[in-house]
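# Inside the fold
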Amino acid sequence: MTHCTRRNFLKTGLAAGVLAGTGAAPLFAAGGKATDWVTLGKSGVKVTRLAFGTGTFSGRVQRELGQDEFTRLVRYAYDHGIRFFETAESYGEMHKMLGVALKGIPRDSYRLMSKVTTRPGVDPQEKIDELRKLANTDYFDVLLMHYQHVATWPSDTVRWQDGILEAKSKKALVGHGASVHGLPALRQFPGNKWLEIAMIRVNHNGTKMDAEQYNTNEPGNVPEVVQRVKQVRADGMGVISMKLAGEGAFTNREDRRAAMRFAFRNAGVDSVTVGYKNTAEIDEAIENLNLALA
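Report follows, based on the coordinates. (Residues numbered from 1 in each chain as written. Predicted model: local features only at pLDDT ≥ 70, side-chain atom pairs only at ≥ 80, totals over all residues. Heavy atoms only, no water.)

## Structural notes on the overall build of the chain
From N to C terminus, the chain includes 11 helices and 10 strands. Here the chain displays about 12400 Å² of accessible surface, and carbon together with sulfur accounts for 51% of that area. (Helix = DSSP H or I, 4+ residues; strand = E, 2+ residues; numbered from the N terminus. Areas by Shrake-Rupley, 256 points an atom, 1.4 Å probe, with all protein chains shown as cover.)

Rendered as structure tokens:
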């Protein structure tokens, strides 16, 4: 199979990106549902608006459920229409636990996203193959470069970008992109021709959102983050929101509802990932998103 290089991808993807940018999707679909299938921009990958996240406090909350309870929670989410599941290399055992939880469910009935840590000295193909094996899957529907947090990430990760495109040519993944922490890194997302999918922290009051310092505890710059979300959508990228509940900081349900409304109505994200520890949280997230879209 012909190796798909980053350079060739950027050349052939330029025109497609321009075309996609001229027909950006509306900010939100009035009357839509949390469990509707939506397309993540020019990647063409269809996911449910609401995703099942496994990274609450780097997966500690989900790991502490134990495999049996975690499997029950995943199956509950699936049965209630959530068909988009995400994890990351840095979430400990969560690839393996998610693979066990999804075992036996038809693979074409759900979407699976992984995030890979772009360490130097690691072979991208070997790492992607390792994560696929852990998750008990032949392919990832979405693979993101995890935790890009410096302004130089586009040049720092060229080897990983090429490796991801090579894995894509071998059908080990379908859509690709990156997750971001910090405004200097986020400012490099608009106009980037390699990215198909952007994972960005979004909520209504800036908790755990992007600021000039990627690891600050200070509130993020909500207006600029929203501006960047709209720019990447205009570029044809799909946008997945994270930190919707401020990593558990929003203990008031009204805050969680406000965050959901803001992400879809104001920022205009396509999908949102939320971490759960019980079925009541799944029920609430579905209801909150349905209300946001009403």
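## Notes on the nonpolar core
Residues Leu-50, Phe-52 and Ile-200 are the most contacted members of the largest nonpolar core, which totals 71 residues. Residues contacting Ile-200, with those up to four places away along its chain left out, are Val-180, Leu-186, Asp-210, Val-225, Val-229, Val-232, Val-239, Ile-240, Ser-241 and Met-242. Ranked by size, the runner-up nonpolar core spans 13 residues in total, among them Ala-51, Val-142, Leu-144 and Met-199. (Core = buried A, V, L, I, M, F, W, Y, C linked by side-chain atoms within 4.5 Å. Buried < 20%, exposed > 50% of the residue type's maximum accessible area, 1.4 Å probe, protein only. Contact = heavy atoms within 4.5 Å.)

## Describing the packing of helix α3 (residues 67-79) against helix α11 (residues 279-293)
Axis separation between α3 and α11 bottoms out at 10 Å; the angle between their running directions is 25 degrees. As far as their axial angle goes, α11 and α3 are roughly parallel. You can see that α3 and α11 cross each other, and the crossing is right-handed. Along its contact with α3, which presents Arg-72, Leu-73, Tyr-76 and Ala-77, the element α11 presents Thr-279, Ile-282 and Asp-283. Per-class residue counts for the contact of α3 with α11 are four nonpolar, one polar and two charged. (Axes fitted to C-alpha atoms, helices over the stretch in contact; angles between N-to-C directions. Parallel < 35°, antiparallel > 145°, perpendicular 65-115°, else oblique. Left-handed = near helix turned anticlockwise from the far one by under 90°. Nonpolar A, V, L, I, M, F, W, Y, C, P; charged D, E, K, R; others polar.)

## Thoughts on the pattern of salt bridges
Applying the stated criterion to the full structure yields 21 salt bridges. Residues Lys-170 and Glu-166 are paired through a salt bridge, measuring 3.1 Å at the closest nitrogen-oxygen approach. Beyond isolated ion pairs, a larger network of salt bridges with shared partners links Glu-89, Arg-119, Lys-127 and Glu-130. (Salt bridge = Lys/Arg side-chain N within 4 Å of Asp/Glu carboxyl O.)

## Looking at helix α10 (residues 253-267)
Here α10 contains 15 residues, and its C-alpha end-to-end distance of 20 Å stays within 8% of the 21 Å for a straight helix at 1.5 Å per residue. Along α10, the residues that are buried comprise Arg-257, Ala-258, Ala-259, Met-260, Phe-262, Ala-263, Phe-264 and Ala-267. Between the side-chain oxygen at the start of α10 and the backbone nitrogen of Glu-254 there is a gap of 2.6 Å, and the oxygen is on Asn-252. (Expected span 1.5 Å × (residues − 1). Polar contact = N/O pair within 3.5 Å; in protein donor to acceptor, adjacent residues only side chain to side chain.)

## Considerations on the environment of Gly-55
Mapping Gly-55 onto the fold places it in the loop between β3 (50-53) and α2 (60-63). Taking the C-alpha atoms as reference points, Gly-55 and Val-274, separated by 219 residues in sequence, lie 8.7 Å from one another. Excluding residues within four positions of it along the chain, Gly-55 makes contact with Gln-62 and Tyr-91.

## A short note on the pairing of strand β9 (residues 238-242)
Across the five residues that make up β9, a large majority, five, are buried. Because side chains alternate across β9, one face comprises the buried residues Gly-238, Ile-240 and Met-242, and the other comprises Val-239 and Ser-241, equally buried. Taken together, the five bridges between strand β8 (residues 197-201) and β9 define a ladder with parallel strand orientation. Within β9, the residue paired with Ala-198 across the bridge is Val-239. Note on the crossover from β8 through helix α9 (residues 222-234) to β9: the handedness is right-handed. Taken together, β9, α10 and strand β10 (residues 271-275) constitute a β-α-β crossover, and its handedness is right-handed. (Pairing = 2+ DSSP bridges. Right-handed = clockwise from strand over helix to strand, strands pointing away.)

## Section: the layout of surface pockets
Put simply, the largest pocket is a space of about 1000 Å³. In terms of lining, the largest pocket is formed by 43 residues, of which the most central are Thr-56, Lys-243, Gly-246, Glu-247 and Gly-248. Looking at the lining of the largest pocket, the elements that each hand over two or more residues are β6 (140-148), β8, α10, β10 and α11. If you tally residues by element for the lining of the largest pocket, the top one is α11, at four residues. The residue makeup of the lining of the largest pocket, split by class, is 15 nonpolar, 18 polar and 10 charged. (1 Å grid on protein atoms, 1.4 Å probe; cavity = no way out; pocket = protein on both sides within 12 Å on 5 of 7 lines; lining within 4 Å. Points joined across faces, edges and corners; volume = space filled by probe spheres on them.)

## Points about the pairing of strand β5 (residues 111-117)
Burial analysis of β5 places six of its seven residues in the buried class, which makes it a mostly covered element. Note: strand β4 (residues 84-86) against β5, three bridges, orientation parallel. Counterpart to Phe-84 in the pairing with β5 is Arg-111. Each parallel crossover has a hand, and for β4 linked through helix α4 (residues 94-102) to β5 it is right-handed. Handedness of the crossover joining β5 and β6 through helix α5 (residues 124-134) is recorded here as right-handed.

## Examining the sheet that holds β8
Reading around the barrel, the eight strands line up as β3-β4-β5-β6-β7-β8-β9-β10 and close back on themselves, with parallel pairing between neighbours. Ignoring strand direction, the axes of neighbouring strands in this sheet form an average angle of 25 degrees. Against the sheet, helix α7 (residues 158-169) makes contact with β5, β6 and β7 (173-180), and its axis sits at roughly 155 degrees relative to β7, the strand it touches most. Each of β3 and β10 is contacted by α11, which is oriented at about 155 degrees to β3, the strand it contacts most.

Structural measurements only, silent on function.
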